[in-house]
Amino acid sequence: MSNKFIPHTEEDIRKMLDKIGVASVDDLYSDVPQEVIFREEYDIPSAMSEHELRKYFKELGAKNRQLTVFAGGGAYDHYSPSAVAHLLARSEFYTAYTPYQPEISQGTLQYIFEYQSMISELTGMEATNASMYDGATATAEAMFMMVASARKKNRVILSGTLADSVIRVVETYAGFHGVELTVVPEKDGVSDLDAIYAEFEKGDVAGVILPTPNKYGIVEDFTGVADKIHAAKGFLTINADPSTLAVLRTPAEWGADVACGDGQSLGMPLNFGGPYLGYISCSKSMLRKMPGRVVGATKDADGKRAFVLTLQAREQHIRREKATSNICSNQSLMALYATIYLALMGKQGLKEVNVLSCDGAHYLYNRLVESGKFTPAFPGKPFLKEFVMKTDLDMEKVNARLLENGIMGGLLLEGGLVSFAVTEKRSREEIDNLVNLMLEA
């Protein structure tokens, strides 16, 4: 055999090649440019014993530094109760797969149902799916929902105060699906609502996507926005940090048709970039346009409570071209993470997370202003846990000094701006240390 890990004999391979009319396996790659084909020896280390392998990965893992984080930008260093990781590590959760057979998947269906219920309560919306890969792809799917619901309108407006990474992902999705996008530049750190209304007057806009809080951490005021958009026969999507909805007005209270965002703030560790969790909630009228699946509660033949897949408009169940979305995993393990976190924290706990984060952020904000080295980028604008400052300091040099001291400093933005985020994990001592080190640098 040519490869001991592939269970095909030479005779098997020859029969398959003859069947498709190809002389050799190499011929299958004939359309690949020769200059990109790797022809050297692979740099694969020699085999190790179990003890050697454990030691190797332990040393490798030790190179990852655990930092005190003051950066945000859509991923936040929130506390997570230790019970979450322990419960999540149970084998029945790790090995559970898509619940195609509800009769034997009641546990998985139940926690998805609880997840949907909790996110719906946070957002105030009537229905929630389970679930998306991350907040950016969830926002792209929300765009498709509005276009599908508007039918003959194929343009979507994005506020320039959405996170740049989210805008780029939405643009990528739109480009391959023929959706026209218009990004309306911000105005003084918030959405330019007058410019957005002007776009709706052109009559071809399916909907608009607005953030709360926005990429600068500002909590925008959307009073009356939904009424004007609905009057123009359009739809409103609000991209919201779900953790903040414990204290801020919900998308439903703003009159949104769709709510979406990243669930990472629900206690999920930063973990060098993932896995995270995207959510979508919507009004009942938009339900059939929502991707993913919806789990419902019912009763079985004996009258006992049971759970079923109520809606599952995915390519595994219907023809691919008719599918609402071609997402092949619903990230249910991360949905379970959010479910356990929310259940343990409760309403009061989630509120306290925001109160502590807000207090810490405003304390840092005041310390930076008092230092004389920082000035507010958007003075007077309300913020919760994240804010943006102007400074003449060489922030690349400052952040390098902070990194030497085990601190991840603020995010550098365009125009010489720097963004800071403070969560409930940051103490006054850590904040004072951050400010002192920045001034020394």
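All of these numbers come straight from a predicted model, not from anything done at the bench.

Q: Got a sec to walk through the pairing of strand 8 (residues 278-282)? Specific residues and values, please.
A: For strand 8, a buried count of 5 out of 5 residues is recorded, marking the element as mostly surrounded by other parts of the structure. Neither face of strand 8 is left uncovered, since the one carrying Gly278, Ile280 and Cys282 and the one carrying Tyr279 and Ser281 both have all their residues buried. As defined by bridge partners, strand 2 (residues 127-128) adjoins strand 8 across 2 bridges and the pair is classed as antiparallel. By the bridge assignment for strand 8, Ala127 is matched with Cys282. Relative to strand 8, strand 7 (residues 258-262) runs antiparallel, the two sharing 5 bridges. Residue pairing for strand 8: Gly261 is matched across the bridge by Tyr279.

Q: Describe the packing of helix 11 (residues 395-404) against helix 12 (residues 428-440), with residues and values.
A: Relative orientation of the contacting elements helix 11 and helix 12 amounts to 125 degrees, with a least axis distance of 9 Å. Taken together, the axis directions place helix 11 and helix 12 in an arrangement best described as oblique. With respect to the hand of their crossing, helix 11 and helix 12 are arranged in right-handed fashion. Where helix 11 abuts helix 12, its residues Met395, Val398, Arg401 and Leu402 lie against Leu434, Leu437, Met438 and Glu440. Here the contact of helix 11 with helix 12 is built from residues that sort into 6 nonpolar, no polar and 2 charged.

Q: Break down helix 6 (residues 135-150) for me, with residues and values.
A: The end-to-end C-alpha separation of helix 6 is 23 Å, in line with the 22 Å expected for 16 residues at 1.5 Å each. The buried fraction of helix 6 is high, at 15 of 16 residues. The distance from a side-chain oxygen at the start of helix 6 to the backbone nitrogen of Ala136 is 3.3 Å, and the residue carrying that oxygen is Asp134.

Analysis parameters
- Residues numbered from 1 in each chain as written.
- Predicted model: local features only at pLDDT ≥ 70, side-chain atom pairs only at ≥ 80, totals over all residues.
- Heavy atoms only, no water.
- Buried < 20%, exposed > 50% of the residue type's maximum accessible area, 1.4 Å probe, protein only.
- Helix = DSSP H or I, 4+ residues; strand = E, 2+ residues; numbered from the N terminus.
- Pairing = 2+ DSSP bridges.
- Axes fitted to C-alpha atoms, helices over the stretch in contact; angles between N-to-C directions.
- Parallel < 35°, antiparallel > 145°, perpendicular 65-115°, else oblique.
- Left-handed = near helix turned anticlockwise from the far one by under 90°.
- Contact = heavy atoms within 4.5 Å.
- Nonpolar A, V, L, I, M, F, W, Y, C, P; charged D, E, K, R; others polar.
- Expected span 1.5 Å × (residues − 1).
- Polar contact = N/O pair within 3.5 Å; in protein donor to acceptor, adjacent residues only side chain to side chain.

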